[in-house]
Amino acid sequence: MGEGGHALFDTAIGVCGIAWGAAGVVAVQLPEADAERTRARLLKGLPTLPEVDQPPASVQAAIKGVQALLNGEARDLCEVALDMSRLTPFQRGVYALARAIPPGQTRTYGELARELGDVGLSRAVGQALGHNPFAPIVPCHRVLAAGNQPGGFSANGGAITKLRMLAIEGARPTGTASLFDDA
């Protein structure tokens, strides 16, 4: 993946960003209010990474995958190499479970916590997903609160963005028609 860099790219829900280093993608950012805010949030806490007009082929493939997913194609994006070296083992475990959720399906924080060995970890699972630096490659939008309620979502627009992304994928977490059928 070369030395690293970052790029912004258009999607069906707005301008997203991606940053990468030698070991893989280090961050993905869902749209903020404008492109500069997307870039700022993407790069927060990262070393200086130059903007690159022509990202490496593997990053271009990741961008195309995110664009396809946000355009309604059933993509799991598991082929995208992520550099999780700055994350805790717990975060890595949560993100691995989230990546295993197929497009159009959902699980709850409690289900992931139970799979990690203790349903009491539900809040910690939610916190880990709230700090997910790889959305939507790590599809935290597919993880819901108890009772299949949307719960929180740290992206711009909060739970409304989460529900919109689920609607794009054809998921109906509460069993009702989507507010975004035209999405």
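See the structure shown above.
The following paragraphs examine the structure supplied in this document. (Residues numbered from 1 in each chain as written. Predicted model: local features only at pLDDT ≥ 70, side-chain atom pairs only at ≥ 80, totals over all residues. Heavy atoms only, no water.)

1. Looking at the packing of aromatic side chains
Centre-to-centre distance and the angle between the planes together describe a pair of aromatic rings.
So, step 1. Applying the stated rule across the entire model yields one aromatic pair.
So, step 2. Ring centres 6.5 Å apart and planes at 85° place the aromatic pair Tyr95 and Phe134 in the edge-to-face group. Taken together, the residues span a long stretch of sequence, with Tyr95 in helix 3 (residues 89-99) and Phe134 in the loop between helix 5 (122-130) and strand 5 (143-144) at a distance of 39 residues.
So, step 3. We classify Tyr95 as buried; its relative accessible area is 0%.
So, step 4. On the basis of relative accessible area, Phe134 is assigned to the buried category, the value being 1%. (Phe/Tyr/Trp six-rings, centres within 6.5 Å; stacked < 30°, edge-to-face > 60°. Helix = DSSP H or I, 4+ residues; strand = E, 2+ residues; numbered from the N terminus. Buried < 20%, exposed > 50% of the residue type's maximum accessible area, 1.4 Å probe, protein only.)

2. A short note on the pattern of salt bridges
So, step 1. This structure, assessed with the given rule, holds seven salt bridges.
So, step 2. Where Asp34 meets Arg37, a salt bridge forms, and the shortest distance between an N and an O atom there is 3.8 Å.
So, step 3. The salt bridge involving Glu79 is made with Arg75; its shortest N-O contact spans 3.6 Å.
So, step 4. A single network of salt bridges, built from pairs that share partners, joins Glu36, Arg39 and Glu51. (Salt bridge = Lys/Arg side-chain N within 4 Å of Asp/Glu carboxyl O.)

3. Topic: helix 1 (residues 35-43)
So, step 1. Listed as buried for helix 1 are Thr38, Arg39 and Leu42. The buried residues of helix 1 occupy an angular sector of 100° when the element is viewed end-on, so they sit on one face.
So, step 2. The secondary structure elements touched by the buried residues of helix 1 are strand 1 (5-11), strand 2 (14-21) and strand 3 (24-29).
So, step 3. Measuring from the side-chain oxygen of the N-cap residue of helix 1 to the backbone nitrogen of Glu36 gives 3.1 Å; that N-cap residue is Asp34.
So, step 4. Looking one or two residues beyond helix 1, the residue adopting positive phi is Gly45, at roughly 80°. (Arc of directions from axis to C-beta. Contact = heavy atoms within 4.5 Å. Polar contact = N/O pair within 3.5 Å; in protein donor to acceptor, adjacent residues only side chain to side chain.)

4. Concerning the layout of surface pockets
So, step 1. By volume, the largest pocket is sized at about 440 Å³.
So, step 2. Lining the largest pocket are 21 residues, with Gln29, Arg41, His131, Asn132 and Pro133 positioned closest to its centre.
So, step 3. Counting only elements with at least two residues in the lining of the largest pocket, the list comes to strand 3, helix 1 and helix 5.
So, step 4. Per element, the largest residue contribution to the lining of the largest pocket is three residues, and it comes from strand 3.
So, step 5. In the lining of the largest pocket, the residues fall into twelve nonpolar, six polar and three charged. (1 Å grid on protein atoms, 1.4 Å probe; cavity = no way out; pocket = protein on both sides within 12 Å on 5 of 7 lines; lining within 4 Å. Points joined across faces, edges and corners; volume = space filled by probe spheres on them. Nonpolar A, V, L, I, M, F, W, Y, C, P; charged D, E, K, R; others polar.)

5. A word on the pairing of strand 1
So, step 1. Of all seven residues in strand 1, five are buried, a share of seventy percent or more.
So, step 2. Linking strand 1 to strand 2, which pair antiparallel, is a turn of two residues. (Pairing = 2+ DSSP bridges.)

6. Some points on the side chain of Arg39
So, step 1. Mapped onto the elements of the fold, Arg39 is located in helix 1.
So, step 2. Taking the relative accessible area as the measure of exposure, Arg39 reaches 16% and is therefore buried.
So, step 3. Within the structure, Arg39 has its side chain in polar contact with the side chain of His6 (distance 3.0 Å).
So, step 4. A distance of 3.1 Å separates polar atoms of two side chains, one belonging to Arg39 and the other to Glu36.
So, step 5. With near-sequence residues (within four places) excluded, Arg39 lies in contact with His6, Leu8 and Glu51.

7. Points about the nonpolar core
So, step 1. Counting 42 residues, the largest nonpolar core has Ile18, Leu30, Leu82, Tyr95, Leu129 and Phe134 as its most contacted members.
So, step 2. Looking at this core, the elements with two or more residues in it are strand 1, strand 2, strand 3, helix 2 (57-70), helix 3, helix 4 (109-115), helix 5 and helix 6 (158-169).
So, step 3. Filtering out sequence-adjacent residues up to four positions away, Phe134 remains in contact with Val25, Val26, Ala27, Val28, Leu82, Asp83, Met84, Leu87 and Tyr95.
So, step 4. Of all hydrophobic cores here, the second largest spans six residues; its members include Ala19, Val26, Leu42 and Leu46. (Core = buried A, V, L, I, M, F, W, Y, C linked by side-chain atoms within 4.5 Å.)

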